[in-house]
Amino acid sequence: MDNTGYCGESFNSLQSGTSDEDMVEIAGATLDISSTDDVPPLDRDYGSGGSYGVGDVPNGVPKLMDLLDEPVPGVGTYEDFNTIDWVREKSKDRDRHREIATKSKESTLALMKSISDAFSGWLLMLLVGLMAGALAGGIDISAHWMTDLKEGVCLNGFWFNHEHCCWNSNETTFQERDKCPNWKSWAELIVGTNDGPFAYIMNYLMYVCWALLFSFLAVSLVRAFAPYACGSGIPEIKTILSGFIIRGYLGKWTLMIKTITLVLAVSSGLSLGKEGPLVHVACCCGNILCHLFTKYRRNEAKRREVLSAAAAVGVSVAFGAPIGGVLFSLEEVSYYFPLKTLWRSFFAALVAAFTLRSINPFGNSRLVLFYVEFHSPWHLLELIPFVLLGIFGGIWGAFFIRANIAWCRRRKTTRLGMIRNLVFTLAIFCTVVSCGFLQVPSGLFIPSMAVGAIAGRLLGVGMEQLAYYHHDWVIFRGWCSPGADCITPGLYAMVGATACLGGVTRMTVSLVVIMFELTGGLEYIVPLMAATMTSKWVADALGREGIYEAHIRLNGYPFLESKEEFSHKTLAMDVMRPRRSDPPLSVITQDGMSVEEVESLIAETSYSGFPVVVSPESQRLVGFVQRRDLVISIENARQRQEGVVSASRIFFTEYTPPQPPNSPPPLKLRGIMDLSPFTVTDHTAMDIVVDIFRKLGLRQCLVTHNGRLLGIITKKDILKHMAQMANRDPDSILFN
């Protein structure tokens, strides 16, 4: 519940137009509550906002105004690096849906609005698929052009890559289809010839210079304009989908810089892939397009349904695997994935794949560049080398994760600045440095698959030679005739690639589907499944975390992993705050505090919410109020209700008790209070509490004993407790 730095800006800044490009969530400004003047400032305009007068009643008590009758800008939103309240967001959406359904029976116009609201989700999925598919096609085309630019340029038009430049040449033969008069190498342009050692050196130097320029530009743009554009973005997307807020991570500026620098990084020749970053790009598209639709713009839970579908779109355009993309979102990144999201994810992935196919960036009438066709059958005994590849993939995956995390931890402690980035742009030869140290968009799908494919190919060639020269051995007899191609090394390469990628990411079902969609090897599902499961078992034996979970823990995000079991026999009283040596829990009474007392409580604490009790003596729980909603409501009351001063009383009750004569008008803030906060008793087992947090997406839970408030448990408290039980540093959980 810790949330420092809440008192900063004025309420007016919250009402001003905020740009979507700087935030992943509905942004709100912090508030200045330092003013304790009994008299409101003279420059406040009460007339323009519909001022509230103080009416007289028979007993002389001022009339109580409920300021929550009208929506207050900012109420119900969240601060940066905080977790959303899933239960509240789902309740808001249910209330909105019921209101629309009720009004739809009143008029034809209301019925049309109801139909439009129901159709808006599918329209949004259509737009996400079109936008992500178009961007992916543009990235592929641009990367091919810039990759060929390191070798030469087309005289017919510098925007043509090598292949497109030679397509219409009449002087090109099939044997030398990569040579045409229209394409000139840099040596031909500079020294006039492409033969000899000097021309070779010139071409090599130009290649290196272009590569260094691309990588340096990528690093510089990311550091200067969008630090969130580095890496694959999948760990942060998993955290965002769990309900965490990282403002700006999925904004317009991040999308633009990531798209540009992804092309530069891939074109430079760095050992990284574009597939992971394409998931981030697609989620940026989904977040930006959400702002076109009110029900997604104003509801964080609904927006995360769109982001889950967008993650599926990213994999669809990265591998040309729409079904695998949906399964990837379901298995690997999504925290909440209802059946409706499954349908819409499939539709969005289909639209994205169709869009990419229409653009045809690879020029081969297929969605992917690595499409292969194997038709040779595999034998049952080949499962042994396939399992061996799975063991290798698991060991390599565990090693890669540890090495990559070590590099990233070192990067967090070093202060070399631009010198560091310039030096490590030279590290083109290393899947560990490029994907962990360089601040550029980078993925690990293709590098991991490349390592596994090399190992698998080596093993496949060895098996092929054994079968060729020793076809009379018992293991080959009966199914490998002399001179026959009974072993397919390419199949071993495909299985090895799957094993290594599975060892790094710990994906299973989605990985197998992605691989057979990527390669067209539908008949090789069993070898892929055997290698994938073996890889996961071996990697889990060496370390339970995949690469994404390891980066989440490294960054200190409050992510409650659903795959991790809580096996410790502790109780809620062992985790709740306050502890025995801590000061009493900060609470708000339902009818006994003034505006000044509440503002002092807010200023002196950093909690993001406060329990509401009947009185300090009874500590009987009434509800829970968010700090942000409380601050915004008080400031709104000062601006809109005449006579509200520091001595005004704040009530969270349904009925207002009698007030002394001539007292300032009170504030009724019952509308911002959660009347049914989740509670557990002090003797509730922590494994049950953890399951409640996971399945309901809670941000906090109150602890009671016989109805009396004892303490509070937040997601951060649970994560700290789990880290302490695992002999890790509990202070590594940084946010929330």
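Higher on the page you've got the structure.
Please read these numbers as outputs of a predicted model, since none were measured by experiment.

**Student:** What is the right way to read the state of the cysteines from this model?
**Tutor:** Note: disulfide means a covalent bond formed between the sulfur atoms of two cysteine side chains. The tally for this structure, following the rule as stated, stands at two disulfides. Disulfide pairing is shown between Cys-154 and Cys-165; the S-S distance is 2.1 Å. Taking the sign of the S-S torsion, about 75° here, the bridge from Cys-154 to Cys-165 comes out right-handed. In this pair, Cys-154 sits in strand E1 (residues 152-154) while Cys-165 sits in helix H4 (residues 162-165), placing the two residues 11 residues apart along the sequence. Exposure remark for Cys-154: the relative accessible area of 3% places this residue in the buried category. Residue pairing for Cys-166: its cysteine sulfur links by disulfide to Cys-180, the two sulfurs lying 2.1 Å apart. Between Cys-166 and Cys-180 the disulfide shows an S-S torsion of about -65°. By sign, it is left-handed. Of this pair, Cys-166 sits in the loop between H4 and strand E2 (183-185) while Cys-180 is found in the loop between H4 and E2, placing the two residues 14 residues apart along the sequence. Both residues of the pair, Cys-166 and Cys-180, count as buried.

**Student:** Help me out: how do you make sense of the sheet that holds strand E12 (residues 708-714) in this one?
**Tutor:** Strand pairing in a sheet takes place through backbone hydrogen bonds and is either antiparallel or parallel in direction. Strand order in this open sheet of three strands is E10-E11-E12, and the pairing throughout is mixed. Each of the sheet's edge strands pairs with one partner strand only, and the pair in question is strand E10 (679-681) and E12. Strand-to-strand twist across the sheet, computed as the mean angle between neighbouring axes with direction ignored, equals 35°. Two strands pair when backbone bridges link them, and strand E11 (residues 700-705) and E12 are joined in this way by six bridges, in the antiparallel orientation. Paired with Cys-701 across the bridge in E12 is Ile-713. Docked against the sheet, helix H25 (residues 686-696) engages E10, E11 and E12, running at close to 65° with respect to E12.

**Student:** Help me understand helix H7 (residues 234-241) in this model?
**Tutor:** Helical periodicity: at 3.6 residues per turn, an α-helix aligns residues three or four positions apart in one direction. The buried count for H7 comes to eight of eight residues, which makes it a mostly enclosed element. Every buried residue of H7 is accounted for by Ile-234, Pro-235, Glu-236, Ile-237, Lys-238, Thr-239, Ile-240 and Leu-241. Buried-residue contacts for H7 involve helix H2 (86-103), helix H9 (275-290), helix H11 (300-319), helix H12 (322-333), helix H17 (445-469) and helix H21 (547-555). Once H7 finishes, Gly-243 follows within two positions and takes phi at roughly 115°, a positive value.

**Student:** So what exactly am I meant to see when it comes to the sheet that holds strand E5 (residues 609-613) here?
**Tutor:** Taken in spatial order, the four strands line up as E3-E5-E6-E9 in an open sheet, and their pairing is mixed. The open sheet has two edge strands, strand E3 (588-589) and strand E9 (673-674), and neither has a second partner. Strand direction decides the pairing type here: strand E6 (residues 621-626) and E9, joined by two bridges, are antiparallel. The residue bridging Phe-624 from the neighbouring strand is Asp-674, located in E9. Taken strand by strand, helix H24 (residues 627-640) contacts E3, E5 and E6, and its axis lies near 75° from that of E6.

Reading the values: the criteria
Residues numbered from 1 in each chain as written. Predicted model: local features only at pLDDT ≥ 70, side-chain atom pairs only at ≥ 80, totals over all residues. Heavy atoms only, no water. Disulfide = S-S within 2.5 Å. Helix = DSSP H or I, 4+ residues; strand = E, 2+ residues; numbered from the N terminus. Buried < 20%, exposed > 50% of the residue type's maximum accessible area, 1.4 Å probe, protein only. Pairing = 2+ DSSP bridges. Axes fitted to C-alpha atoms, helices over the stretch in contact; angles between N-to-C directions. Contact = heavy atoms within 4.5 Å.

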